[in-house]
Number of protein chains: 2
Amino acid sequence: MEGMPAIDARKERILRAIIDDYVQTAMPVGSRTISRKYETNLSSATIRNEMSDLEELGYLAQPHVSAGRVPSVMAYRLYVDELLEGSVRQDAQAREYFSQRVRQMEDVITSAAQAISEITRYTAVVMMPKQLELRVSCLQLVPMPRGSALLVIVTDTGAIRDTVIKVSENLDGDALYAISRMLTERLSGRTLQEVQEMLGAYSRLAGSDARVIEGIADLASQMEKQSATDTVTVGGSHNILNYPEYSDVEKARAFLSVLEHKDRLMQLLSGTDSAFTVRIGPETGVPEMADCSVVTASYRVGAGHKGFVGVIGPTRMPYGKVLSALSAVGGALSDLLGE
Amino acid sequence: MEGMPAIDARKERILRAIIDDYVQTAMPVGSRTISRKYETNLSSATIRNEMSDLEELGYLAQPHVSAGRVPSVMAYRLYVDELLEGSVRQDAQAREYFSQRVRQMEDVITSAAQAISEITRYTAVVMMPKQLELRVSCLQLVPMPRGSALLVIVTDTGAIRDTVIKVSENLDGDALYAISRMLTERLSGRTLQEVQEMLGAYSRLAGSDARVIEGIADLASQMEKQSATDTVTVGGSHNILNYPEYSDVEKARAFLSVLEHKDRLMQLLSGTDSAFTVRIGPETGVPEMADCSVVTASYRVGAGHKGFVGVIGPTRMPYGKVLSALSAVGGALSDLLGE
DNA sequence: TGTTAGCACTCTCGGTCGTCGAGTGCTAAT
DNA sequence: ATTAGCACTCGACGACCGAGAGTGCTAACA
């Protein structure tokens, strides 16, 4: 009675070769291919025996009896876990991406998503954690032509929001600055919610327009609303069309429609503690993504809050490259957004 | 010897019915369909005769002998020209879209693109004309936590650009305002290019940081570069997958790749004088878009400069609805961006 | 003269069938 | 333990065929 075959070094090499080849070609890998391209001193028959063992062990699967083998979720996992052990090399290309001007949280987030998607050629997702308790640090009116002014609110975490409001034509730059000073003095240190509540009482402040107050109220309520929800951005969503597993339009559409619903997207990203997570196929928990993998890296932003950057692509994916790209972008984000 | 059949009222009704049906179903329309759904008092045989005439006239085409008829480019054009005659009804839904906060040109443009794509369910493109000779109107530094400041530049056309720069920790709000005033005084009225050139000379200004100067130089050069090129944004690009004519992934990808190249996109939009333009199929001049139509509306922004809003979709398109949506959004844009 | 019923004809679509080839598993030889 | 050889399996692909949709034409009819 034979026991379960053990997985030795050679089996591992072969498994690795199969994964690599499959990642490249997206076609089931046959024994001949391995024997010629990877293990040139072994015959196809030997490889066949090994492959048969690997299948018994659960690392390979055959779409049908006379096709080659395809790596199973277990195989990817083995491979990925191994990658996760070693430190992930930082990708220089990724860091360069952020030399551009960055404006505020949202801008950073979206350019991160674009950067990742361009580097990896997959779909990228970036999540910014919700920030409760944003406090106003400064508030300023910048004169604009034709009776307008730009109202800028800066919070203690460095988030910036602005909007154009109408003001009296006879307020010049200095007058606006005086108003700004006064408002900053009274409102700084308050949370956005407090600011909102306090504004009612101010509507008759000397020298200030009711319209200014209104503008601030609007802006404060918007910031408050936005800061209370997680923000999530997608980049390069149609990169998915580059991969043959999505040459079925229905599949592609299902995929894209998941991306359009923030809540379903959150499901893919959230709920992990470690720096890197890889969910393969069914592990994603979203049926439409059954043959996708989701790779995420977390980055720190300020006091213990964590955001995620991630890549969604076919299960066959060069996990090594993806991980290093994510790690680089995550690092850059931490630098930019962290305290 | 029979002459060319004339196009009478009934032929026109039938043609219209065929277009309507084809727009809905994307399937060649047969004579029976028309006789049952649209012209219930005529038999299919009669319709057949009429259709045969319409084909001879060039308004219909048959994909193959035993399929129904499909409207030709000429048919659409007839129909569209008729639409263009009458005034295009404004679409209420579109106007609502802009009640949101709008920040600056680019924001307006992108939300316009999104609005159009959501309303029409097609791909939307919005172009903002290049603005030469932008002049600085105001320039202000807003204090931020941790030795940063937000540098805001406002131009005479109301374009806003900002960036975060580092400044000496010991500059407080008033000091920053003093610098802002001084800079505004010296730089306002200058074009961005002039500002850029002048900044070299200022690097030793009393009380101001070299870093501030540097920040302004950066920002000015970016604004200058951006204002010299046309800006174009795409919204809802993957709406295209909703239409059966793009159930071929290769086609869809070709379509999307055109959208990714700004220059090819410009080709689709530019070069028209009238308020509305409809280019059908080959008229677009871009081979990948051979079975698309491009509908554009122009909007005025300030002194004679024109921008375009457009929709790209399959040639069978409810042109009436699309035109009214575009007209509404175009109007809103003129209001928001015009002088 | 315009409309309609009838009919033969054409062409696509969907399914079935048979061939081809890639790949396997097993056995026997090395 | 490895490998050559061979029979076998199964999907991909092209050929083929029948059904159905739609046409054009003709002849009858109002």
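No experiment lies behind these values; they were computed from the predicted model shown.

**Student:** Hey, could you run me through the protein's contact with DNA strand D in this one?
**Tutor:** Neighbouring DNA strand D are 21 residues; R10, T46 and V65 of chain A together with S31 and R69 of chain B lie closest to it. Counting only atoms of DNA strand D within 4 Å of the protein, the sugar-phosphate share comes to 79%. R10 of chain A is positioned with one of its side-chain polar atoms (N or O) 2.8 Å from a phosphate oxygen of DNA strand D. One of the side-chain nitrogen or oxygen atoms of R69 of chain B is found 2.5 Å away from a phosphate oxygen of DNA strand D. Elements that contribute at least two residues to the surface near DNA strand D include exactly α3 (44–57) of chain A together with α3 (44–57) of chain B. The greatest single-element share of the surface near DNA strand D, amounting to four residues, is contributed by α3 of chain A. Residues belonging to the surface near DNA strand D are distributed by class as follows: six nonpolar, eleven polar and four charged.

**Student:** Hey, could you run me through the protein's contact with DNA strand C in this one?
**Tutor:** Of all residues adjacent to DNA strand C, which total 21 residues, the nearest are S31 and R69 of chain A together with R10, T46 and V65 of chain B. Near the protein, meaning within 4 Å, the atoms of DNA strand C are sugar or phosphate in a fraction of 79%, with bases accounting for the rest. At 2.8 Å from a phosphate oxygen of DNA strand C is found a side-chain nitrogen or oxygen belonging to R69 of chain A. The side chain of T46 of chain B places a nitrogen or oxygen atom 2.5 Å from a phosphate oxygen of DNA strand C. Looking at the surface near DNA strand C, the elements that each hand over two or more residues are α3 of chain A together with α3 of chain B. For the surface near DNA strand C, the leading source of residues is α3 of chain B, giving four residues. Considered class by class, the residues forming the surface near DNA strand C number six nonpolar, eleven polar and four charged.

**Student:** Help me understand the pattern of salt bridges in this model?
**Tutor:** Between side chains of opposite charge, pairing is possible as soon as their charged atoms come close. All names here are of chain A. Counted by the stated rule, this structure contains 30 salt bridges over all chains. For D21, the salt bridge identified is with K37, shortest N-O distance 2.9 Å. Of this pair, D21 sits in helix α1 (residues 9–25) while K37 is found in helix α2 (residues 31–37), placing the two residues 16 residues apart along the sequence. By relative accessible area, which is 4% here, D21 ends up buried.

**Student:** Can you walk me through the relation of the copies chain B and chain A in this structure?
**Tutor:** Note on the chain copies: they are related by a rotation about an axis and a translation along it. The transformation that overlays chain B on chain A combines an axial shift of 0.0 Å with a rotation of 180°, and the residual RMSD is 0.1 Å. Expressed as an axis order, the relation between the two copies is that of a two-fold axis. Residue V249 of chain B of chain B places its C-alpha closer to the rotation axis than any other residue of that unit, at 3.2 Å. Most of the interface of chain B is mirrored in chain A, where 98% of its interface residues are also at the interface.

**Student:** It is not clear to me how the packing of aromatic side chains should be interpreted in this structure. Could you clarify?
**Tutor:** Two descriptors summarise a pair of aromatic rings, namely the distance from one centre to the other and the angle between the planes of the rings. Residue and element names in this part refer to chain B. A full pass over the atoms with the stated rule returns nine aromatic pairs over all chains. Aromatic side chains Y79 and Y319 sit 6.3 Å apart centroid to centroid with 80° between the ring planes, which places their arrangement in the edge-to-face category. Note that Y79 is positioned in helix α4 (residues 73–85) and Y319 in helix α12 (residues 319–337), a separation of 240 residues in sequence. The pair Y79 / Y319 is uniform in exposure class, with both members buried. Each ring, one from Y122 and one from Y243, has its centre 5.0 Å from the other, and the planes form 15°; the classification is stacked. Of the two residues, Y122 is situated in the loop between α6 (105–120) and β3 (123–128) and Y243 in the loop between β7 (231–235) and α10 (249–260); the sequence distance between them amounts to 121 residues.

**Student:** Any chance you could explain the packing of α1 of chain A against α3 of chain A here in plain terms?
**Tutor:** The description of two helices packed together rests on the angle between their axes and the distance between the axes. Residue and element names in this part refer to chain A. Viewed as axis vectors pointing N to C, α1 and α3 meet at an angle of 85°, and their least axial separation amounts to 10 Å. Taken together, α1 and α3 sit at an angle that is classed as roughly perpendicular. Seen from α1, the contacting residues are R10, K11, I14, L15 and I18; seen from α3, they are T46, I47, E50, M51, D53, L54 and L57. Its residues assigned to classes, the contact of α1 with α3 shows seven nonpolar, one polar and four charged.

**Student:** Can you help me understand the packing of helix α8 (residues 192–199) of chain A against helix α9 (residues 210–227) of chain A in this one?
**Tutor:** All names here are of chain A. One way to put it is that α8 packs onto α9 with a least axis distance of 9 Å and a crossing angle of 150°. Between α8 and α9, the interaxial angle falls into the category roughly antiparallel. Judged by the twist between their axes, the crossing of α8 over α9 is left-handed. Contacts from L192, Q193, V195, Q196 and L199 of α8 reach α9 at I213, I216, A217, A220, S221, M223, E224 and S227.

**Student:** Quick question: what am I supposed to make of the sheet that holds strand β6 (residues 160–166) of chain A here?
**Tutor:** Strand-to-strand pairing in sheets goes through backbone hydrogen bonds, with the strands running parallel or antiparallel. All names here are of chain A. Taken in spatial order, the three strands of this open sheet run β4-β5-β6, and their pairing is antiparallel. Both edges of this open sheet fall to β4 (136–144) and β6, since each of them pairs with a single strand only. Averaged over all pairs of adjacent strands, the angle between strand axes in this sheet comes to 20°, irrespective of strand direction. Bridge count between β4 and strand β5 (residues 148–155): eight bridges; the pairing is antiparallel. When the bridges of β5 are listed, P143 appears paired with A149. Across the sheet, helix α7 (residues 173–187) is in contact with β4 and β5; its angle to β4 comes to roughly 165°.

**Student:** Can you walk me through the state of the cysteines in this structure?
**Tutor:** Scanning the model with the defined rule gives zero disulfides over all chains in all. With no disulfide partner, C138 of chain A has as its closest neighbouring cysteine sulfur the one in C138 of chain B, 14 Å distant. Look at C138 of chain A and you get buried, because its relative accessible area is 5%.

**Student:** What am I meant to see in unusual backbone geometry here?
**Tutor:** For residues other than glycine, phi is negative in most cases, and the peptide bonds are mostly trans. All names here are of chain A. Phi at R121 is positive, roughly 65°, even though this residue is not glycine. Inspection of the secondary structure puts R121 in the loop between α6 (105–120) and β3 (123–128). We classify R121 as partly exposed; its relative accessible area is 46%.

**Student:** Sorry if this is basic, but what is going on with the domain arrangement of chain A here?
**Tutor:** How large an interface is tends to be reported as the accessible area lost when its parts come together. Domain assignment breaks chain A into domain 1 (9–84), domain 2 (88–122 + 236–337) and domain 3 (132–229). Taken over C-alpha atoms, the centre of domain 1 of chain A sits 62 Å from the centre of domain 3 of chain A.

**Student:** Would you mind showing me how to read the interface of chain B and chain A here?
**Tutor:** Of the residues lining the interface, 44 residues belong to chain B; the matching set on chain A comes to 43 residues. Of the roughly 3,400 Å² buried between chain B and chain A, counting both surfaces, carbon and sulfur atoms make up 57%. With a closest N to O distance of 2.7 Å, R181 of chain A and D174 of chain B form a salt bridge. Counting every contact that joins chain B to chain A gives ten residue pairs in polar contact (both at pLDDT 80 or more). Looking at the side of chain B that touches chain A, the elements that each hand over two or more residues are β4 (136–144), β5 (148–155), β6 (160–166), α7 (173–187), α9 (210–227) and α10 of chain B.

**Student:** In this structure, what is going on with the side chain of N239 of chain A? I would like to understand it.
**Tutor:** Residues and elements named next belong to chain A. As for its placement among the helices and strands, N239 is situated in the loop between β7 (231–235) and α10 (249–260). Within the local environment of N239, its side chain forms a polar contact with the backbone oxygen of Y122, the two atoms lying 3.0 Å apart. Residues within four places of N239 in sequence aside, it is in contact with S117, R121, Y122 and T123.

So, how was this worked out
- Residues numbered from 1 in each chain as written.
- Chains lettered and ligands numbered in written order.
- Predicted model: local features only at pLDDT ≥ 70, side-chain atom pairs only at ≥ 80, totals over all residues.
- Heavy atoms only, no water.
- Near = heavy atom within 4 Å.
- Polar contact = N/O pair within 3.5 Å; in protein donor to acceptor, adjacent residues only side chain to side chain.
- Helix = DSSP H or I, 4+ residues; strand = E, 2+ residues; numbered from the N terminus.
- Nonpolar A, V, L, I, M, F, W, Y, C, P; charged D, E, K, R; others polar.
- Salt bridge = Lys/Arg side-chain N within 4 Å of Asp/Glu carboxyl O.
- Buried < 20%, exposed > 50% of the residue type's maximum accessible area, 1.4 Å probe, protein only.
- Least-squares fit on C-alpha atoms with pLDDT ≥ 70 in both.
- Contact = heavy atoms within 4.5 Å.
- Phe/Tyr/Trp six-rings, centres within 6.5 Å; stacked < 30°, edge-to-face > 60°.
- Axes fitted to C-alpha atoms, helices over the stretch in contact; angles between N-to-C directions.
- Parallel < 35°, antiparallel > 145°, perpendicular 65-115°, else oblique.
- Left-handed = near helix turned anticlockwise from the far one by under 90°.
- Pairing = 2+ DSSP bridges.
- Disulfide = S-S within 2.5 Å.
- Domains from an automatic or database assignment.
- Buried area = accessible area lost by both parts, 1.4 Å probe.

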